[in-house]
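# Summary of structural features
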Amino acid sequence: MAKKVEKTNVLRVLDSKKVQYESHSYEADPSLSGAEIAGILGEDTSKVFKTLVTRGKSGGYFVFVVPVEAELDLKKAAKAAGEKSIEMIKQKELLPLTGYVHGGCSPIGMKKLFPTFMHETAKDFDRVFVSAGKVGMQVELDPQALVDIVKLEFADIIE
């Protein structure tokens, strides 16, 4: 389980679901890129994922989890979500909608459970990294555990 004493909402959810994970902390710096965070963790960028929140043409919200150096393909994402089109939400909408700040958004433990999609390459790894719910903290876990926790689907969603 976690080595770090500090518990975020993400870690509380993982504990309650009895999911094995390891939390990793580093100096909180919102200017760090995903690639720089992967470097701090000593991991390949393909194993470290960022969480993006979008709104579909229907008005519904969707969460996409993609490798930190990848770009979300909005057409592929819309197709995965069954929408005509999707767009990124504005940064100011993130905290009230999800409970997370930019740079600390996690697919786990949002205020509401939104349809969630993770890039299919995550299935290639035993362990991946996602935000632990705050800037300066990542959680390492089996990507299959996310299927049960946030009901995510794996899909081809990057450019």
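Use the structure listed above.
What you are looking at is a predicted structure, and each value in this text was computed from that prediction instead of being measured. (Residues numbered from 1 in each chain as written. Predicted model: local features only at pLDDT ≥ 70, side-chain atom pairs only at ≥ 80, totals over all residues. Heavy atoms only, no water.)

## Details of the overall build of the protein
To keep things clear, this is the line we draw: Only DSSP runs of H or I reaching four residues or more are called helices, and only runs of E reaching two or more are called strands; each is numbered from the N terminus. Our radius of gyration looks at C-alpha atoms and nothing else; its globule reference is 2.2 Å times the residue count to the power 0.38. With a 1.4 Å probe rolled over the protein chains alone, any residue whose accessible area is under 20% of its type maximum counts as buried; one over 50% counts as exposed, and the rest are partly exposed.
Secondary structure assignment for the protein yields five helices and eight strands. Counting from the amino terminus, helix and strand elements in the protein follow one another as α-β-α-β-β-α-β-α-β-β-β-α-β. Relative to its length of 159 residues, the protein is compact, with a C-alpha radius of gyration of 14 Å against a globular reference of 15 Å. Its C-alpha atoms put the protein at 45 × 30 × 30 Å along the principal axes. Per-residue burial over the protein gives 47% buried out of 159 residues.

## Let's talk about the sheet that holds strand 8 (residues 153–155)
To be explicit about the condition: When DSSP locates at least two bridges between a pair of strands, those strands are taken to pair. To get an axis, a line is fitted to the C-alpha atoms, and for a helix only the part in contact is used. The angle between two axes follows their N-to-C directions and goes from 0 to 180 degrees.
Strand order across the open sheet formed by five strands is 4-2-3-5-8, with mixed pairing between neighbours. At either end of the open sheet lies a strand with only one pairing partner, and these are strand 4 (86–88) and strand 8. Recorded for the sheet is a direction-independent mean angle of 35° between the axes of neighbouring strands.

## Some remarks on the nonpolar core
To keep things clear, this is the line we draw: Buried residues of nine kinds, namely Ala, Val, Leu, Ile, Met, Phe, Trp, Tyr and Cys, make up a nonpolar core once their side-chain atoms join them within 4.5 Å. Only heavy atoms matter for contacts: two residues are in contact if any of them lie within 4.5 Å across the pair.
Ranked by size, the top nonpolar core spans 31 residues in total, and within it Leu14, Ile108, Met118, Val139 and Leu141 carry the most contacts. Elements represented by at least two residues in this core include exactly helix 1 (9–16), strand 2 (49–56), strand 3 (61–67), helix 4 (91–98), strand 6 (128–131), strand 7 (137–141) and helix 5 (143–150). In this view, Met118 contacts Phe49, Val65, Val128, Val130, Pro143, Leu146, Leu152, Glu153, Phe154, Ala155 and Ile157; residues no more than four positions away in its chain are not counted. One finds Leu52, Val66, Ala77 and Ile157 within the second-largest nonpolar core, a separate group that totals 14 residues.

## Description of the pairing of strand 2
Among the eight residues of strand 2, six are classified as buried, and the element is accordingly described as predominantly covered. Relative to strand 3, strand 2 runs antiparallel, the two being bridged by seven bridges. Its bridge partner being in strand 3, Leu52 is matched across the sheet by Phe64.

## Remarks on the sheet that holds strand 7
Strand order in this open sheet of three strands is 1-7-6, and the pairing throughout is antiparallel. Two strands in the sheet have a free side with no partner beyond their single neighbour: strand 1 (21–25) and strand 6. Sheet twist, expressed as the mean angle between neighbouring strand axes with direction ignored, is 30°. Alignment of strand 6 against strand 7, held across four bridges, turns out to be antiparallel. The residue of strand 7 that forms the bridge with Ser131 is Gln138. Against the sheet, helix 1 makes contact with strand 1, strand 6 and strand 7, and its axis sits at roughly 20° relative to strand 7, the strand it touches most.

Read these as geometric descriptors, not functional statements.
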